[in-house]
Amino acid sequence: MTSQLIVVENPKKWRIEGVNCPVVDADDYLTGEDYFKLKNVQVINLCQSYSYLSVGYYCSLLAEARRHKVVPSVATTMDLSSKTMFKLATPVLDEAVQKELKKSREAQNFNEVSINLYFGRCAIPELNDLTRQIFETFPCPLLRVEFTRQEKKWLITGIKPISLERLDDDEMPLFQESLIAYLSKRWRGGKRPRTQSRYDIAILVNPEDPQPPSNTKALKAFIKAGRNLDMDVELIEKKDFGRLAEYDALFIRDTTRINHYTYRFAKKAESEGMVVIDDPNSILRCTNKVYLAELLNANRVPTPKTVIVGKADIPAAEAQVGYPMVVKLPDSSFSQGVFRAENGEQFREIANKLFKESELILVQEFIYTEFDWRIGILNRKPFYACQYFMTEQHWQIVKYEADGSYDEGLFRTWQIDQVPAEVVKTALKAANLIGDGLYGVDVKQGKDGVYIIEVNDNPNMDFGVEDAVLKEGLYQTVMEEFLRRLELRHEKQQSKG
């Protein structure tokens, strides 16, 4: 059974009634031998400051070293110590901030609002859903959160811990109620109630995405494959950022970008020591086509003639590539942000539009083929292959209409050993430059050889398409890789003692 401790710097000043757990002097907790021996302990650190090298910082640090579960953790105190750090996480809360503050009558008359949070509760009941999400993202007993309205949009402009000593008599009753409620919950030690499964895996999805990397049936197949391996698999969404540490692994089945919550999920998972696919480095390397072009060129991987273009480089790009050419935004995906220019006028029109979004764009030789190969690679091994055919009377596999609708070409799925060896070999060489994660490598096969178009960190795996040959084996392969990595992580933890 988990025991609980409250750590403060001066227990004689403790004025909260109804708390049925010890209130411990911080110095005693730091140096007392009895606390080294305690197991299954939850520590509520209510020291006056968590700043670097303060008493509060050391209480959290030593709690973690003793494998006591502590709130706030050292990672949380570091996140809250700098605006740069907490701004990486606050965009995940943006949707809830807009929704809750716009409907709050108390907030409508102001452009700046400050709220105290006590274990995720606040004095404005209608904002408690928002404040709970903030607490789950930054688990700290007492927080002051500052909101500012700029151009009709609310932003979190400050989050900082506050000390218990700063609360006045009017604030103490709500803090007392919140503390007692928090202590009375069956504490989960940073994990949700565990199943009998060996590991818990979260799959990040976006139900609103019209073109998700995996359709609903594929997601169900991943869940089934995980459970066949004695792993519990659960779908999570953007709003679940604060719950991420409840799981052992994260599988991102949401369209990834750098300036996006998917990247923050990956970074958070990595910092928590979780197994994560797609890992942050793979997202960083694959989603920017400028980086990818340089990487492939430096390693002599065959690609269509490719030029990185700044605003002054348009004439040189024309001379090097010629027409027709393909013009791309660095972070384009699903054929969006990708254009074909037939002549100089079209090129300049497209380039001027794209330069409003990016300082650099990519210009590539146009090579027409009836289809593109997609080779799926996991842990440096190819495991599925698909041909995506161009849509009818169009040069891409996806054709977008002005109203947002789109049409896709046909496909054909192959066994890996039936794919031309040069296609697989070249795809593998490209993917290995990125890492050992999950990649979908797009390859064109022409008369003069094969060419890498791009390496995708977040490849499509849809029920009825990419699984047409392997069937449930596709999903089993991915889940087996998660299990392998989780077991390896477990072995390393065991060896450390």
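Scope of this entry: the structure provided in the associated data block. (Residues numbered from 1 in each chain as written. Predicted model: local features only at pLDDT ≥ 70, side-chain atom pairs only at ≥ 80, totals over all residues. Heavy atoms only, no water.)

## Thoughts on the sheet that holds strand E21 (residues 438-446)
In spatial order, the strands read E20-E17-E16-E21-E22; together these five strands make up an open sheet with antiparallel pairing. Only two strands of the sheet have a single neighbouring strand rather than two, namely strand E20 (411-414) and strand E22 (449-456). Averaged over neighbouring strand pairs, the angle between their axes works out to 25° when direction is ignored. Strand direction decides the pairing type here: strand E17 (residues 381-389) and E20, joined by four bridges, are antiparallel. Within E20, the residue paired with Gln 387 across the bridge is Arg 412. (Pairing = 2+ DSSP bridges. Helix = DSSP H or I, 4+ residues; strand = E, 2+ residues; numbered from the N terminus. Axes fitted to C-alpha atoms, helices over the stretch in contact; angles between N-to-C directions.)

## Details of the nonpolar core
Grouped together as the largest cluster of nonpolar side chains are 29 residues, with contacts concentrated most on Phe 251, Met 461, Val 478, Met 479 and Phe 482. Elements with a minimum of two residues in this core: strand E8 (199-204), helix H9 (216-228), strand E9 (231-236), strand E10 (249-252), strand E11 (275-277), E17 and helix H16 (472-495). For this core, the element with the most residues is H16, which contributes seven residues. With residues up to four places along the chain from it excluded, the contact list for Phe 251 reads Ala 202, Ile 203, Leu 204, Phe 222, Ile 277, Leu 438, Met 461, Val 478, Met 479 and Phe 482. (Core = buried A, V, L, I, M, F, W, Y, C linked by side-chain atoms within 4.5 Å. Buried < 20%, exposed > 50% of the residue type's maximum accessible area, 1.4 Å probe, protein only. Contact = heavy atoms within 4.5 Å.)

## What about the side chain of Asp 372?
One can find Asp 372 in strand E16 (residues 371-378). By relative accessible area, which is 12% here, Asp 372 ends up buried. Within the structure, the side chain of Asp 372 is placed 2.7 Å from the side chain of Lys 444, a separation counted as a polar contact. If we skip the residues at most four places from it in the chain, Asp 372 touches Cys 386, Gln 387, Tyr 388, Met 390, Val 443 and Lys 444. (Polar contact = N/O pair within 3.5 Å; in protein donor to acceptor, adjacent residues only side chain to side chain.)

## A look at the pairing of strand E1 (residues 3-8)
For E1, a buried count of five out of six residues is recorded, marking the element as mostly surrounded by other parts of the structure. Note that E1 and strand E3 (residues 41-45) share five bridges and pair parallel. By the bridge assignment for E3, Leu 5 is matched with Val 43. The sheet contact formed by E1 and strand E2 (residues 23-25) spans three bridges and is parallel. Bridge pairing in E2 places Ile 6 opposite Val 23.

## Here's the deal with the sheet that holds E9
As summarised here, the arrangement of the four strands in space is E9-E8-E10-E11, forming an open sheet in which the pairing is parallel. The open sheet has two free edges, formed respectively by E9 and E11, since each of these has just one partner strand. The average undirected angle you get between the axes of adjacent strands in this sheet is 20°. Both E10 and E11 contribute to a ladder of three bridges, which runs parallel. Bridged to Phe 251 within E11 is Ile 277. On the sheet, H9 packs against E8, E9 and E10 and is oriented at approximately 155° with respect to E9.

## Notes on unusual backbone geometry
Between Ile 277 and Asp 278 the backbone carries a cis peptide bond, its omega angle lying at 10°. In this structure, Asp 278 sits in the loop between E11 and helix H11 (280-287). Cis rather than trans, the peptide bond between Tyr 323 and Pro 324 has omega equal to -5°. When you line up the elements, Pro 324 lands in the loop between helix H13 (314-321) and strand E13 (325-333). For Asn 40, which is not glycine, the phi dihedral falls at a positive 50°.

## Some details on the packing of H13 against helix H14 (residues 344-354)
Where H13 meets H14, the closest approach of the two axes is 11 Å, and the angle between their N-to-C directions is 130°. With respect to H14, the axis of H13 lies oblique. The two elements H13 and H14 cross, and the hand of that crossing is right-handed. Of the residues in H14, those in contact with Ile 314, Ala 317 and Glu 318 of H13 are Gly 344, Phe 347, Arg 348 and Ala 351. Within the contact of H13 with H14, the residues separate by chemical class into four nonpolar, one polar and two charged. (Parallel < 35°, antiparallel > 145°, perpendicular 65-115°, else oblique. Left-handed = near helix turned anticlockwise from the far one by under 90°. Nonpolar A, V, L, I, M, F, W, Y, C, P; charged D, E, K, R; others polar.)

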